[in-house]
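Below are the chains, spelled out letter by letter.
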Amino acid sequence: MLLEGLNMKRQKEEEEIDREFKSRNQARWNEINRTIANLEKAENEAIAIARKKEQQAEEKARKMREEELKKIEAEKKEQERKKLEEQQNKEKELKEQKLKAEEAANERARKEKEDAAKTAAASGLASTTTSTPSSSGSYLLDCKRDFERWHAKIKELKETVLPAVSNNKDLKNACWKLKRSLTTRISNVSASKEDIQNTAGAIHGLLNDAKSASEQAYLWSINLLSKKLTEMAGNNSENDLSPVTFALAQVVVALLLAGHDPLGDILMARLVKRCPYIVPFFPSKGTLSPEEHSKLLGRKEGEPSISYKQRMSGMISLYAAIVQTSPSDVPRLSPTPSLSSIPSHFRPEGGWRWLALVVRPPLPLLEVTPLLLHTFLRMTSERFHTLFGKQYIKLLSAIAEQGMDQRKVMWNEGVQGDLSKIRLMIGEWMEKGQIIGAEGRVPT
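Parameters and conventions
- Residues numbered from 1 in each chain as written.
- Predicted model: local features only at pLDDT ≥ 70, side-chain atom pairs only at ≥ 80, totals over all residues.
- Heavy atoms only, no water.
- Helix = DSSP H or I, 4+ residues; strand = E, 2+ residues; numbered from the N terminus.
- Buried < 20%, exposed > 50% of the residue type's maximum accessible area, 1.4 Å probe, protein only.
- Contact = heavy atoms within 4.5 Å.
- Areas by Shrake-Rupley, 256 points an atom, 1.4 Å probe, with all protein chains shown as cover.
- Phe/Tyr/Trp six-rings, centres within 6.5 Å; stacked < 30°, edge-to-face > 60°.
- pLDDT = per-residue confidence, 0-100.
- Core = buried A, V, L, I, M, F, W, Y, C linked by side-chain atoms within 4.5 Å.

A. Just the overall build of the protein, in detail. Of the regular secondary structure elements, the protein holds 13 helices and zero strands. Going residue by residue from the N terminus, the α and β elements of the protein occur as α-α-α-α-α-α-α-α-α-α-α-α-α. Taking all 444 residues of the protein together, 39% fall into the buried category. Considering only residue pairs separated by 6 or more positions, the protein has 79% of its internal contacts joining residues 24 or more positions apart. A total accessible area of about 25,400 Å² is found for the protein, and carbon and sulfur atoms account for 52% of it.

Quick look at the structure:
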């Protein structure tokens, strides 16, 4: 019994020891878990704080970028505003200068009108051709009607031909393909006979292709060709009359003889749109704004006088090259060339008429007129002398002697240099007994 009691006592002690061990062990694990939980909580709080700081930094950086962009945009707008203001002030100043110059010119023209008319009538320059109107007033009306007629032609093209093509997808695509070929061909023409023949033949074929597509496509193509020709002419310089101008004229006359009649009127309309002096005509300002009047004169906004005069000279050079071109000298594109397809304004008599009219008021009072006259004479005189003989020599003598030496034509006061060039050129021809035309008149 004693032994059994001892065993029970020992068992109870061991069970107590085991309970205490487990209790201490559980307490330790609970402490460890609390420590881990506290560490995780602290870590999460640190991460949250860091993320918040990062977000705050990003937000601050974003606002700084936005402020910087706003500042840059504001500075850009201010620069554009200043630039626009300067441009507007400059344009306003130029407009005021133009307006003052026009008012001064109009006042001078009014004062000199009566004397100028009497002097021009006395000179007899404009009466050397039966194609020139005899009445001092009717020739101005005729020129005005011609000017309005060519502008009406441009309006007709814009209202009928251009919409018909642009509104037809298939026709539009076909015309744009043709545009590349046609533009490339005419832009690369040279002054050699072979190249003129090849260029004229290629364009003849392209125009026939357009005609087979539709009449509107054909007229659209001729209008495109005319625009390109006048563009090339405007880039020419009176001081360096390119032989290419004569080559272009040969192509034009060859195409007319091949039966492309619409080219005669459309090209003339395009030339007059860019240079009214081809009529020759000077449209009055009337109630037009300076910008509208400049547009009628073919003058670009803000264009310097010297640039404008040279561009007008280039236009005249192409017109002059065409009127002096002999049908017998151009490539034959058709077995039966049609002389009737060459309109009167592109024939020598059209050029003779131009010479007779350009020295009648108010044209001599313009700064551009002597330069245009010099260009025209250089381009046409060799051929015109062959055609008109002594009569043409009389006309040249009248221009030099009556128009310049005797001052029977009232010229602008600021064009003495250009007038001297004409006088010296005619004087040299008379002295040598030979008229030497511009380079490239006869292709080689």
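B. Layout of the packing of aromatic side chains. Inspection of every chain in the model, using the stated rule, returns ten aromatic pairs. Ring plane angle 50 degrees and centroid distance 6.2 Å describe the contact between Tyr-319 and Phe-346, whose orientation is recorded as tilted. Here Tyr-319, found in helix H9 (residues 305–323), pairs with Phe-346, found in the loop between H9 and helix H10 (348–358); they are 27 residues apart in sequence, far enough to count as distant. Exposure remark for Tyr-319: the relative accessible area of 2% places this residue in the buried category. Taking relative accessible area as the criterion, Phe-346 reaches 2% and is therefore assigned buried.

C. Region of the structure containing unusual backbone geometry. With an omega of 0 degrees, the peptide bond running from Val-279 to Pro-280 counts as cis. Residue position: Pro-280 is located in the loop between helix H7 (262–274) and helix H8 (290–296). A cis amide bond, omega 10 degrees, links Pro-361 with the succeeding residue Pro-362. Tracing the sequence through the fold places Pro-362 in the loop between H10 and helix H11 (369–388). Here the phi dihedral of Arg-407 falls at roughly 55 degrees; this positive angle occurs in a residue that is not glycine. As for its position among the elements, Arg-407 is in the loop between helix H12 (390–405) and helix H13 (416–432).

D. Quick peek at the side chain of Thr-369. On the secondary structure map, Thr-369 appears in helix H11. Taking the relative accessible area as the measure of exposure, Thr-369 reaches 2% and is therefore buried. Not counting chain neighbours up to four residues away, the residues in contact with Thr-369 comprise Val-358, Leu-363, Pro-364 and Trp-411.

E. Structural view of the confidence of the model for the protein. Mean pLDDT over the protein stands at 85; residues scoring 70 or higher make up 88%. Confidence, expressed as mean pLDDT per element, reaches its minimum in the protein at helix H1 (residues 2–123) with 71 and its maximum at H7 with 98. Across residues 109–136 the pLDDT falls below 50, and counting only partners more than four positions away or on other chains, this stretch makes 44 contacts in the model.

F. Highlighting the nonpolar core. The biggest cluster of nonpolar side chains holds 100 residues, and the ones touching the most others in it are Tyr-277, Leu-373 and Leu-377. Ranked by residue count, the leading element in this core is helix H6 (residues 243–257), at eleven residues. Not counting residues within four places of it along the chain, the set of residues in contact with Leu-377 comprises Leu-355, Tyr-392, Leu-396, Ile-422, Met-425, Ile-426 and Trp-429.

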